[in-house]
Every structure is written in C-alpha cells, then in structure tokens.
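# Understanding the architecture of this molecule
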Amino acid sequence: MDAKELLKKVRKIEIKTRGLSQNIFAGEYHSAYKGRGVIFSEVREYVPGDDVRDIDWNVTSRYNKPFVKVYEEERELTVMLLVDVSGSRSFGACGEQKMEKMAEVAATLAFSSIQNNDKVGVILFSDKIEKFIPPKKGRKHILLIIREIINFVPENNGTDIGAALRFLTNALKKRTTAFLISDMIDDHDYQQSLMIASRKHDMATIQVYDRRDAEMPDVGLVKMRDLETGQTAWIDTSSKSTRSAYAQVWYKRQQWISSAMARSGVDMASISTDEDFVKALLGLFRRRSIAR
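Note that the structure is a prediction, hence the values are computed from the model and not measured. (Residues numbered from 1 in each chain as written. Predicted model: local features only at pLDDT ≥ 70, side-chain atom pairs only at ≥ 80, totals over all residues. Heavy atoms only, no water.)

## What to know about the layout of surface pockets
Size it by volume and the largest pocket reaches roughly 1000 Å³. Around the largest pocket, the lining is made up of 30 residues, and of these Met224, Arg225, Asp226, Leu227 and Tyr246 lie nearest the centre. The set of elements that each furnish at least two residues to the lining of the largest pocket consists of α7 (211-214), β8 (221-225), β9 (232-236) and α8 (240-264). A total of five residues in the lining of the largest pocket trace back to one element, the largest contributor, which is α8. (1 Å grid on protein atoms, 1.4 Å probe; cavity = no way out; pocket = protein on both sides within 12 Å on 5 of 7 lines; lining within 4 Å. Points joined across faces, edges and corners; volume = space filled by probe spheres on them. Helix = DSSP H or I, 4+ residues; strand = E, 2+ residues; numbered from the N terminus.)

Next comes the structure, spelled out in structure tokens:
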C-alpha cells in the first residue's frame, strides 16, 4: 500500500471511529473502565450529610470547625490492544477483510481511551510478538497505532494467542486494561496463559470473524489455501458431509473459546466482518458496567 492510499485509509477510519468514540462510546467506556480507585483531591468545610469518616482532624483542629477530605476518581488507565496480525486476518468473503474491521474496533477503543486521558499501547502478534508499541497519550500516537494495524507486514503467518498473553503479563508490570482483538483461529491451548493474564490485568476479548469461517457455501469443487500455513487443497463443497465437518470444527472451537473465557472471567464480544460493530461493543461495555 503506497503512502497516499494508507493516509486516506487512516483518515477514513479516524473520522468514523473518532466520532463514535465522542458521541456514543465515551460515557459507556467511562462507566465500564472507571480506573483503579480514588485519590485525595482537597478539603472543604463539613456540611450536614457528609460522612464523618472523611473529616480531616488536623485541618479541623487548626480552624476550629470541621473540614472533610474530598476524593476524586483516579481516572488514568493504561490500555493495551493485543491485535492479531496473522495470515487469516486478510480473509474477508462476506464483508470487509478482518484486518479492516480489527483496525476500526482498535481505533474506536483507542479514541475512547484518550477521551478519558488514558495511555494506549499495542502488541501486534502472529505466532510470535511482531511489534510492541509502548503506551502513550495523544492523537498522533493513536494515528500511528492505526497505521501500523492497517499496514503492518508480519514476519510470520501463524497464530499463538498464548505467546501474546505471556508477553502482556511479563512486559506490563502494573495492572492494565487489555483488549485481545483476534479471529481466535488458534490450535494452541492458551487457557493457562489467559487465566494468568486475567488475574493480573483487566481483560476483554473481541473476536472478529467472517461468516465463511463458520460455514462453507455449496459452490462445487474449489481450490482452497490456508492463509496461515500456505497449504492448498481441492475441496468438494457440494459434499454435505464436507460442509458439515467444516461447520463442526468452527462449533467446537467456539465452544472451547467460550469455556476458556468463562473460566478466566474474561468478557467477550463476537463481531462478523459484514456487520456494524457498535452494538457488540456497547454490549461488552454495558455488561462490564453491570458487573462492577
């Protein structure tokens, strides 16, 4: 992709996702991710109804009238986006390519974060850590993140979600809010890594998939290529048993993913490439708000 085309894509995503972040997601994001606690702000005179436990006795004794401590929410968070850049992200039969949808979701989360003065960083992963962008604030940093997600060329095409989770656990010493953005097509068992990461960090998963990942259309004899291994094979899609076996693989993977997320206490939203992600993302935020 040349620089002009890349700039045009980044600008298009910025216009769409920045507007969503300001007009739709800002309040929901704030409710779902409130920060780690409260910090002391100031003292003021006591008024009836104030909690007597908040009385500042040092100031009270100095002025011979009661003063209370005022606290404010500690808002600043560190947000990490773990974005899958494996070979399968370039697939898109029923809508956008997965990588385009992932970029939009990541950009919306990033702009929602900076609306609340949070720092945002990125881990781009395949079956290894491809790139780590440390957390920073500001629009220019977010635009850099979007450019990387859209235009990054990975060295490897495989997927290892566990490797990304282990890197998050080891690289980020303080508790962060982490979003795993992936199609979740991974044959590794990452359950233990997920459980460890979710105990240390505030985790959520956003699965971006294509409907053809779940079901194979009846279009006769077709040559197919695995985007992660590069292997090719002729598949008779008119065979009912073949289509059924294909759908079963998807179903079993989804069952495993749902179970892994539930055991680890990680909320998940699934978004197909041919649908608007707004409803699914709002649902994720609202479930978190209720849980809090």
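Next comes the rest of the description.
## Here's the deal with the confidence of the model for the protein
Per-residue confidence for the protein gives a mean pLDDT of 85, with 87% of residues at or over 70. Mean pLDDT across the elements of the protein bottoms out in strand β1 (residues 37-45) (65) and peaks in helix α5 (residues 161-171) (96). (pLDDT = per-residue confidence, 0-100.)

## Regarding the pairing of strand β3 (residues 78-84)
The element β3 is extensively covered by neighbouring structure, given that seven of its seven residues are classed as buried. Burial of the side chains of β3 extends over both faces: Thr78, Met80, Leu82 and Asp84 are buried on one face and Val79, Leu81 and Val83 on the other. Here β3 pairs with strand β4 (residues 119-125) via seven bridges, running parallel. Paired with Val83 across the strands is Leu124, a residue of β4. Remark: the β3/helix α3 (residues 98-115)/β4 crossover connection has right-handed handedness. Bridge analysis of β3 against strand β6 (residues 177-182) gives five bridges, and the strand direction is parallel. Considered in β6, the bridge of Leu81 is made with Phe179. (Buried < 20%, exposed > 50% of the residue type's maximum accessible area, 1.4 Å probe, protein only. Pairing = 2+ DSSP bridges. Right-handed = clockwise from strand over helix to strand, strands pointing away.)

## A short note on the packing of aromatic side chains
Considering all chains together, one arrives at four aromatic pairs under this definition. Taking the centre distance of 5.6 Å and the plane angle of 50 degrees together, the rings of Tyr63 and Phe67 count as tilted. Ring geometry for Tyr190 versus Trp256: centroids 4.9 Å apart, planes at 80 degrees, classification edge-to-face. Highlighted residues: Tyr190 in the loop between β6 and α6 (191-200) and Trp256 in helix α8, separated in sequence by 66 residues. The class of Tyr190 is buried, set by a relative accessible area of 2%. On the accessibility criterion, Trp256 (31% relative accessible area) is partly exposed. (Phe/Tyr/Trp six-rings, centres within 6.5 Å; stacked < 30°, edge-to-face > 60°.)

## Remarks on the packing of α5 against α6
Contact geometry for α5 and α6: axes closest at 9 Å, N-to-C directions at 30 degrees. Relative to α6, the element α5 is oriented roughly parallel. Here the hand of the crossing between α5 and α6 comes out left-handed. Of the residues in α6, those touching α5 at Gly162, Leu165, Arg166 and Thr169 are Ser193, Leu194, Ile196, Ala197 and Lys200. (Axes fitted to C-alpha atoms, helices over the stretch in contact; angles between N-to-C directions. Parallel < 35°, antiparallel > 145°, perpendicular 65-115°, else oblique. Left-handed = near helix turned anticlockwise from the far one by under 90°. Contact = heavy atoms within 4.5 Å.)

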